[in-house]
Amino acid sequence: MKTLTIDIRRADPQDAPAISEAHRQSWQHTYAGLIPHKPLVKMIERRGERWWRIASRGPATLLVADVAGEIAGYATVGQNRARGLAQEGEIYELYLKPEYQGIGLGSRLFAEGRSLLASLGYRGLVAWCLEDCEMTIRFFRNHGGLDAVEGTEDFGGAELKKLGFLWN
């Protein structure tokens, strides 16, 4: 019998090609039809291997879901960027390749990110998503988030509404 290993760990610079591919697949799957095509393609293209190699050493913590040696997805966490909120931590991103969605890996990434922020002394956290991204809204609500704040994000001239989910 073979054992399947699943590890949530900090990313290494050598993970950059796999994270770039996970980013591309998950963003195309999640945002096609929500974000206008040209801005979406530009956002994906600017986050190639070099970008992720730098990000793995940056101020935000980059976590990966490693399934039997394959990067299934990633999360980035750090200090809350919305200074008007009491929550001190933020999950900036949490994405999985489409074939890994719905099997609990997102929950494991979320829990690890939340635990890491708490261990660093951050009280509470915020995570944002587009208002029309029903899958993400359901995920955050199922994990105890309260959609309490709103904002907008500009995608190539298209202003899209976003929701901020809070955990104390």
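Here, every reference points to the structure presented above.
Residues numbered from 1 in each chain as written. Predicted model: local features only at pLDDT ≥ 70, side-chain atom pairs only at ≥ 80, totals over all residues. Heavy atoms only, no water.

*Asks:* Describe the nonpolar core, naming the residues involved and giving the relevant values.
*Replies:* One finds I91, L109, F165 and W167 to be the most contacted residues of the largest nonpolar core, which totals 24 residues. Broken down by secondary-structure element, the contributors of at least two residues to this core are β2 (61-67), β3 (70-79), β4 (89-96), α4 (105-119), β5 (125-130), α5 (134-142) and β7 (158-167). What F165 contacts, discounting residues up to four positions off in sequence, is L125, V126, A127, C129, I137, F140, R141, G145, L146 and D147. Core analysis: the next-biggest nonpolar cluster, separate from the first, contains 21 residues, L40, I71, Y74 and C133 among them. (Core = buried A, V, L, I, M, F, W, Y, C linked by side-chain atoms within 4.5 Å. Buried < 20%, exposed > 50% of the residue type's maximum accessible area, 1.4 Å probe, protein only. Helix = DSSP H or I, 4+ residues; strand = E, 2+ residues; numbered from the N terminus. Contact = heavy atoms within 4.5 Å.)

*Asks:* Account for the pairing of strand β6 (residues 146-155), naming residues and giving values.
*Replies:* Summarising the sheet, β6 and β7 pair through nine bridges and their orientation is antiparallel. From the neighbouring strand, E153 faces β7, where its bridge partner is L160. The antiparallel hairpin formed by β6 and β7 contains two residues in its connecting segment, where G156 sits at a positive phi of about 60°. (Pairing = 2+ DSSP bridges.)

*Asks:* Could you give an account of the packing of helix α1 (residues 16-31) against helix α2 (residues 37-45), with specific residues and numbers?
*Replies:* Two elements in contact, α1 and α2, have axes whose closest approach is 10 Å; the angle formed by their N-to-C orientations is 160°. Taken together, α1 and α2 sit at an angle that is classed as roughly antiparallel. Considering the relative orientation of α1 and α2, their crossing is right-handed. Mapping the contact onto sequence places H23, R24, W27, Q28 and Y31 in α1 and L40, M43 and I44 in α2. In terms of residue class, the contact of α1 with α2 is built from five nonpolar, two polar and one charged. (Axes fitted to C-alpha atoms, helices over the stretch in contact; angles between N-to-C directions. Parallel < 35°, antiparallel > 145°, perpendicular 65-115°, else oblique. Left-handed = near helix turned anticlockwise from the far one by under 90°. Nonpolar A, V, L, I, M, F, W, Y, C, P; charged D, E, K, R; others polar.)

*Asks:* An account of the pattern of salt bridges is requested, with residue identities and associated values reported.
*Replies:* This structure, assessed with the given rule, holds 13 salt bridges. The salt bridge partner of R24 is E21, with a shortest N-O separation of 2.4 Å. Taken as a pair, R24 and E21 lie in helix α1 at a separation of three residues, close to a single helical turn. R24 gets classed as partly exposed once you look at its relative accessible area, which sits at 30%. When the shortest N-O distance is used, the salt bridge between E90 and R81 registers 2.6 Å. (Salt bridge = Lys/Arg side-chain N within 4 Å of Asp/Glu carboxyl O.)

*Asks:* Give me the lowdown on α4, citing residues and values where you can.
*Replies:* In this model α4 runs 21 Å from its N-terminal to its C-terminal C-alpha over 15 residues, within 8% of the 21 Å that 1.5 Å per residue would give. Within α4, burial applies to L105, G106, L109, F110, G113, L116 and L117. One face of α4 carries all of its buried residues, which in axial projection span an arc of 140°. (Expected span 1.5 Å × (residues − 1). Arc of directions from axis to C-beta.)

*Asks:* Tell me what's going on with the sheet that holds strand β1 (residues 6-10), and back it up with residues and numbers.
*Replies:* Pairing is mixed across the open sheet formed by seven strands, whose spatial order is β1-β2-β3-β4-β5-β7-β6. With partners counted over all chains shown, the strands left at the sheet margins are β1 and β6, one partner each. Strand-to-strand, the axes of this sheet are offset by a mean angle of 25°, without reference to chain direction. Judged from the six bridges that link them, β5 and β7 form a sheet pairing that is antiparallel. When the bridges of β7 are listed, L125 appears paired with W167. Strands in contact with α4 are β1, β2, β3, β4, β5 and β7; relative to β4, the strand with the most contacts, it is inclined by about 160°.

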